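The chain contents come next:
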Amino acid sequence: MHQFLTANRTELIARCREKVAQRGAPGANEDELAHGISKFLDQLIKTLIVETTATPMQSRQVSGPSGGGKPNLSEIGESATQHGRELQLHGFTAEQVVHDYGDLCQAISDLAVERGQAIEVDEFRTLNRCLDNAIASAVTEFGYQRDFVVADKQAMHLNERLGFFAHELRNQLCTATLALSIIKEGNVGLSGATGGVLDRALLGLGNLIDRSLAEVRMQAGMPIQHHLFSLSDFIGELKLSASLEAQVSGCTLTVSEVDPLLAVDVDRDLLLSAAGNLLQNAFKFTHPHSEVILNAYALADRILIDVQDHCGGLPAGLAEEMFLPFTQGAENRSGLGLGLSIARRSVEANSGTLSARNKPGSGCIFTIDLPRHALPEKHSAA
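Let me begin by describing the structure that accompanies this report. Note that the structure is a prediction, hence the values are computed from the model and not measured. (Residues numbered from 1 in each chain as written. Predicted model: local features only at pLDDT ≥ 70, side-chain atom pairs only at ≥ 80, totals over all residues. Heavy atoms only, no water.)

**Some points on the sheet that holds strand β3 (residues 262-266)**
- With antiparallel pairing, the three strands of this open sheet are ordered in space as β1-β3-β8. In the strand order of this sheet, the two ends are held by β1 (227-230) and β8 (373-374), each with one partner.
- Strand direction decides the pairing type here: β1 and β3, joined by four bridges, are antiparallel. Each bridged residue has a counterpart across the sheet, and for Ser-230 the counterpart in β3 is Ala-263.
- Lying over the sheet, helix α10 (residues 231-249) contacts β1 and β3, oriented at roughly 70° with respect to β1. (Pairing = 2+ DSSP bridges. Helix = DSSP H or I, 4+ residues; strand = E, 2+ residues; numbered from the N terminus. Contact = heavy atoms within 4.5 Å. Axes fitted to C-alpha atoms, helices over the stretch in contact; angles between N-to-C directions.)

**Looking at the sheet that holds strand β5 (residues 302-308)**
- The five strands lie next to each other as β2-β4-β5-β7-β6, forming an open sheet whose pairing is mixed. Taken across any chain shown, the strands that pair with only one partner, and hence form the sheet edges, are β2 (252-255) and β6 (353-359). Averaged over all neighbouring strand pairs, the angle between strand axes comes to 15°, with direction disregarded.
- Relative to strand β7 (residues 363-371), β6 is paired through seven bridges, and the arrangement is antiparallel. Along β7, the bridge assignment pairs Leu-354 with Ile-368.
- In this fold α10 packs onto β2, β4 (291-299) and β5, with an angle of close to 175° to the strand it touches most, β2.
- Lying on the sheet, helix α11 (residues 268-285) is in contact with β2, β4, β5, β6 and β7; it crosses β7 at an angle near 170°.

**Remarks on helix α6 (residues 75-89)**
- Here α6 contains 15 residues, and its C-alpha end-to-end distance of 22 Å stays within 8% of the 21 Å for a straight helix at 1.5 Å per residue.
- Positive phi shows up at Gly-91, right after α6, with a value of about 90°. (Expected span 1.5 Å × (residues − 1).)

**Some remarks on helix α2 (residues 9-22)**
- Counted at 1.5 Å a residue, the expected span for α2 with its 14 residues is 20 Å, and the 20 Å between its end C-alpha atoms agrees.
- Within α2 the residues assigned to the buried category are Leu-12, Ile-13, Arg-15, Cys-16, Lys-19 and Val-20. With its buried residues spanning 160° around the axis, α2 presents them on a single face. Across from the buried face of α2, at angles greater than 90 degrees, the exposed residues are Thr-10, Ala-21 and Gln-22.
- Residues of α2 that are buried sit in contact with α1 (2-7), α4 (37-50) and α7 (94-115). (Buried < 20%, exposed > 50% of the residue type's maximum accessible area, 1.4 Å probe, protein only. Arc of directions from axis to C-beta.)

**Topic: the packing of α2 against α4**
- It is at 10 Å that the axes of α2 and α4 come closest, and there the two elements cross at 140°. Considered as vectors, α2 and α4 are oriented oblique to each other. Crossing hand, α2 versus α4: right-handed. In this structure, α2 contributes Arg-9, Leu-12, Ile-13 and Cys-16 to the contact, and α4 contributes Ile-37, Ser-38, Leu-41 and Asp-42. (Parallel < 35°, antiparallel > 145°, perpendicular 65-115°, else oblique. Left-handed = near helix turned anticlockwise from the far one by under 90°.)

Here it is as structure tokens:
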């Protein structure tokens, strides 16, 4: 059998490649094949040759014992382990790892029938032992590597979520600190609008903590709590907190009049988080003594909330990249680069979309797009 395999080595490898291609599996490069089927075929031939000598048991150093071993320190075990690692890195599945070796077994059987080559029982047993040990080693390593990848992704996801939480906490704390500093100057009282901003910031901190705890319950399948409320009242609340930021940053805030009949049916805290992040982002990057515009209106069956800044515009291709976590495309690198990512997630959780339009030489317009609703007649009449 070893002579048959040696004479038909090229044909067998070609048939294995064809079978891989027919399954639509990821492409296999030459380095991968060097540690895969071609290498295994050479080791199978070597095993069969050793078994024809006076010391046939030495073939176990190449193929490993029947049933494997712990550890399986054999040439086939080592190369199959490396092959399993390579297949995982190239995007194969565990099923494809097994088929990779099964292809060779089928190719040998088919070609032997076509050429009239008889395979002895002992030789067939050797083939099965080699395949068994190779598949076991390759699949085991494939599983280890896949677990490492999953663990890395989970750790990255956890870090991102912790970053989101810290970023939101800092935003609310910053608003509260600004309000308190103005109150301490003695020009405004706790009962005024600035005191209201402080109250809402402290309430927002509590809500943020409550939401983080509620997120655990959401993972169990509990839906987000939507409520129907006035868009005009919502924009009015945003205006109070944003006016304070405008004052501190030396910018002008312009807020449009909102139709009092318009309403949104969303999770208010999440929408407040999204719009707040957009405004904070606008005040952070807009040029000094320029204008930030907050505009809310209806268009057909949609509610649109625009936040426009005067940052000077974005470099080409950056408009969509800004929404990726930990991305900072401007010179101001304060913060974590999470605000826009948080805003998009919050809007999408409310069945909406968040997009950005670049106005070269002027600035950016970020638009929250939500389903349109109207307040009940009783509420609007009041």
